[in-house]
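# Structural characterization, general
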Amino acid sequence: MKKGKCLIILLTFIIVFTGCTKKESSGKDLERYSATFLSLFDTVTSMVGYAESEEEFNIVSKQIHDEMLTYHRLYDIYNSYDGIVNMKDINENAAKAPVKVDPKIIDLLLFSKEIYKETNHRVNIALGSVLLLWHEAREDGLYDPSSAYLPDMDELLEASKHTDLDKVIVDDKNNTVYFADPELRLDVGAIAKGYATQKAIENVDISLLISVGGNVASTKAKPDGSEWIVGLQDTEGVDGSYKQKVKLDKGAVVTSGDYQRYYVVDDVAYHHIIDPDTLMPGRYWRAVSVIVPDSGLADGLSTALFLMNMEDGQKLLDKFNGVALWTALDGTEYKSKGFDKVAKD
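Read on for a plain summary of the structure. (Residues numbered from 1 in each chain as written. Predicted model: local features only at pLDDT ≥ 70, side-chain atom pairs only at ≥ 80, totals over all residues. Heavy atoms only, no water.)

## A closer look at the packing of helix α7 (residues 295-306) against helix α8 (residues 310-319)
Between two packed helices, both the angle of their axes relative to each other and the distance between the axes serve to describe the pair. Viewed as axis vectors pointing N to C, α7 and α8 meet at an angle of 160 degrees, and their least axial separation amounts to 9 Å. Taken together, the axes of α7 and α8 are roughly antiparallel relative to one another. Between α7 and α8 the crossing geometry is right-handed. Packed against α7, whose contacting residues are Leu301, Ala304 and Leu305, the element α8 presents Gly313, Leu316 and Leu317 at the interface. Across the contact of α7 with α8, the residue classes break down as five nonpolar, one polar and no charged. (Axes fitted to C-alpha atoms, helices over the stretch in contact; angles between N-to-C directions. Helix = DSSP H or I, 4+ residues; strand = E, 2+ residues; numbered from the N terminus. Parallel < 35°, antiparallel > 145°, perpendicular 65-115°, else oblique. Left-handed = near helix turned anticlockwise from the far one by under 90°. Contact = heavy atoms within 4.5 Å. Nonpolar A, V, L, I, M, F, W, Y, C, P; charged D, E, K, R; others polar.)

## Side note on the side chain of aspartate 299
Examined against the element boundaries, aspartate 299 turns out to sit in helix α7. Judged by its relative accessible area of 0%, aspartate 299 falls in the buried class. Here asparagine 215 takes part through its side chain, which lies 3.2 Å from a polar atom of the side chain of aspartate 299. (Buried < 20%, exposed > 50% of the residue type's maximum accessible area, 1.4 Å probe, protein only. Polar contact = N/O pair within 3.5 Å; in protein donor to acceptor, adjacent residues only side chain to side chain.)

## Brief notes about the pairing of strand β3 (residues 29-40)
When β3 meets strand β4 (residues 43-51), the two strands line up antiparallel, connected through eight bridges. From the neighbouring strand, tyrosine 33 faces β4, where its bridge partner is glycine 49. Taking the residues that link successive antiparallel strands as the turn, the β3-β4 hairpin has two residues, and the phi of phenylalanine 41 there is positive, at about 50 degrees. (Pairing = 2+ DSSP bridges.)

## Describing a negative patch on the surface
On the surface, a cluster of negative charge is made up of Glu136, Glu139, Asp140 and Asp144. Mapped onto the fold, glutamate 136 is located in helix α4 (residues 128-143). For glutamate 136, a relative accessible area of 39% translates into the label partly exposed. (Patch = residues over 30% accessible without salt bridge, like charges linked within 9 Å, V, L, I, M, F, W, Y side chains within 5 Å. Areas by Shrake-Rupley, 256 points an atom, 1.4 Å probe, with all protein chains shown as cover. Salt bridge = Lys/Arg side-chain N within 4 Å of Asp/Glu carboxyl O. Lys, Arg positive; Asp, Glu negative; His and termini not counted. Charge placed at Lys NZ, Arg CZ, Asp CG, Glu CD.)

## Thoughts on the environment of valine 290
Considering the arrangement of structural elements, one finds valine 290 in strand β15 (residues 285-292). Sequence separation of valine 290 and tryptophan 326 is 36 residues, and the distance between their C-alpha atoms is 8.9 Å. Leave out the neighbours within four places in its chain, and valine 290 touches Ala252, Val253, Val254, Ala298, Leu301, Ser302, Leu305, Leu317, Val323 and Ala324.

## What about the packing of helix α6 (residues 192-201) against α7?
Packing of α6 against α7 brings their axes to within 6 Å, and their N-to-C directions diverge by 165 degrees. One element, α6, and the other, α7, form an angle in the roughly antiparallel class. Of the two possible hands of crossing, α6 and α7 adopt the one that is right-handed. Seen from α6, the contacting residues are Ala192, Lys193, Gly194, Tyr195, Thr197 and Gln198; seen from α7, they are Ser295, Gly296 and Asp299. Among the residues forming the contact of α6 with α7, the class breakdown is two nonpolar, five polar and two charged.

## Digging into the pattern of salt bridges
Per the stated rule, a full pass over the model turns up 11 salt bridges. In this structure, glutamate 158 engages lysine 161 in a salt bridge whose closest nitrogen and oxygen atoms are separated by 3.1 Å. Each of Arg122, Asp275 and Asp277 takes part in one network of salt bridges that share partners.

## Some words on the packing of aromatic side chains
Summed over the entire model, instances satisfying the criterion amount to nine aromatic pairs. With 6.2 Å between their ring centres and 40 degrees between their planes, tryptophan 285 and tryptophan 326 make a pair best called tilted. Separated by 41 residues along the polypeptide, tryptophan 285 in strand β15 and tryptophan 326 in strand β16 (residues 323-328) bring together distant segments of the chain. For tryptophan 326, a relative accessible area of 0% gives the class buried. By way of ring pairs, the aromatic residues Tyr71, Tyr75, Phe111 and Tyr195 are connected into one cluster. Between the NZ or CZ atom of lysine 104 and the centre of the ring of tyrosine 71, over which it lies, the distance is 5.8 Å. (Phe/Tyr/Trp six-rings, centres within 6.5 Å; stacked < 30°, edge-to-face > 60°. Lys NZ or Arg CZ within 6 Å of the ring centre and 35° of its normal.)

## Some thoughts on the nonpolar core
In this structure, Ile64, Tyr75, Met87, Ile90 and Leu186 are the most contacted members of the largest nonpolar core, which totals 70 residues. No other element matches helix α1 (residues 54-74), which puts seven residues into this core. With near-sequence residues (within four places) excluded, methionine 87 lies in contact with Leu74, Tyr75, Asp76, Ile77, Ile105, Leu108, Leu109, Leu186 and Val188. Counting residues in hydrophobic clusters, the runner-up holds 17 residues, among them Leu30, Val253, Ile291 and Val323. (Core = buried A, V, L, I, M, F, W, Y, C linked by side-chain atoms within 4.5 Å.)

## Concerning the environment of isoleucine 84
Within the secondary structure, isoleucine 84 sits in the loop between α1 and α2 (87-93). The class of isoleucine 84 is partly exposed, set by a relative accessible area of 23%. Along the sequence, isoleucine 84 and threonine 70 sit 14 residues apart, while their C-alpha atoms lie 9.5 Å from each other. When sequence neighbours within four positions are dropped, the list of residues in contact with isoleucine 84 reads Arg73, Leu74 and Asp89.

Scope: geometric values only; no functional claims are made or implied.
In structure tokens form, the structure reads like this:
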């Protein structure tokens, strides 16, 4: 499963992971530790946090890794795993009869249905039949750029007839999923990574910052009360430079952009964030970064705001007390109400 959110640089990772700070409540020294994993959601997962010992940090980081790995396997739409009924199994079998699944899948589907309503269908995990056509074209184009092509519009239009999320029948009492439309296919890439991140860290007691392929979330401020500093990548930068720095205590920063996952057809770049109205890559923005307390919500909102004008995006942000930074196609940046409060000078 490949979400493809654009990279967010953890500026704090540039700092050497040494030195200690005082834990004000107990007076004990806390050391700063870090960990990196390559096995989660087809991306790099990095975390940094403060703990009384390396052993304590390793226990916490392993717990997060193991829980994230469970979500990774459950939400995978491309691969099967022994003893696990996951999204791939649902896509293959849920139109035949209700499929019994893990409650973690039920929770994601119910959350996705709420996001679907709140974003006026901008974020639709039932868009899988459309996204599969784009995925296949992009993979073929990346493998053989000289033969790159666009999905056939007639095929896209036919696939779009089978994207009604209301046709996904979720029974949360019996933990089953059923497709009322046999041609429907789920793709949870727009929301799963952020949702899983939130679930994995919500009971973590230590002060910790995690980046899952650029989806950044923190459990709370640093032990000395200062915020984490997170850099947002410059859309024009080729050297990993950042355009803005933001402060984060407990919450999440997620960016959707057009410049990380794309392929080229006839000298035109086509990225992976598909507008459900046009069935083509969204053309409102180059990037949108969203900051809200919940990582799953941030994931969904960043995709939604990328696919709508700024006025509608601001109304959506207001519902969730979020802030955002929009980068237009010409590179101009626009800040939402309240963004200056989180911006780092």
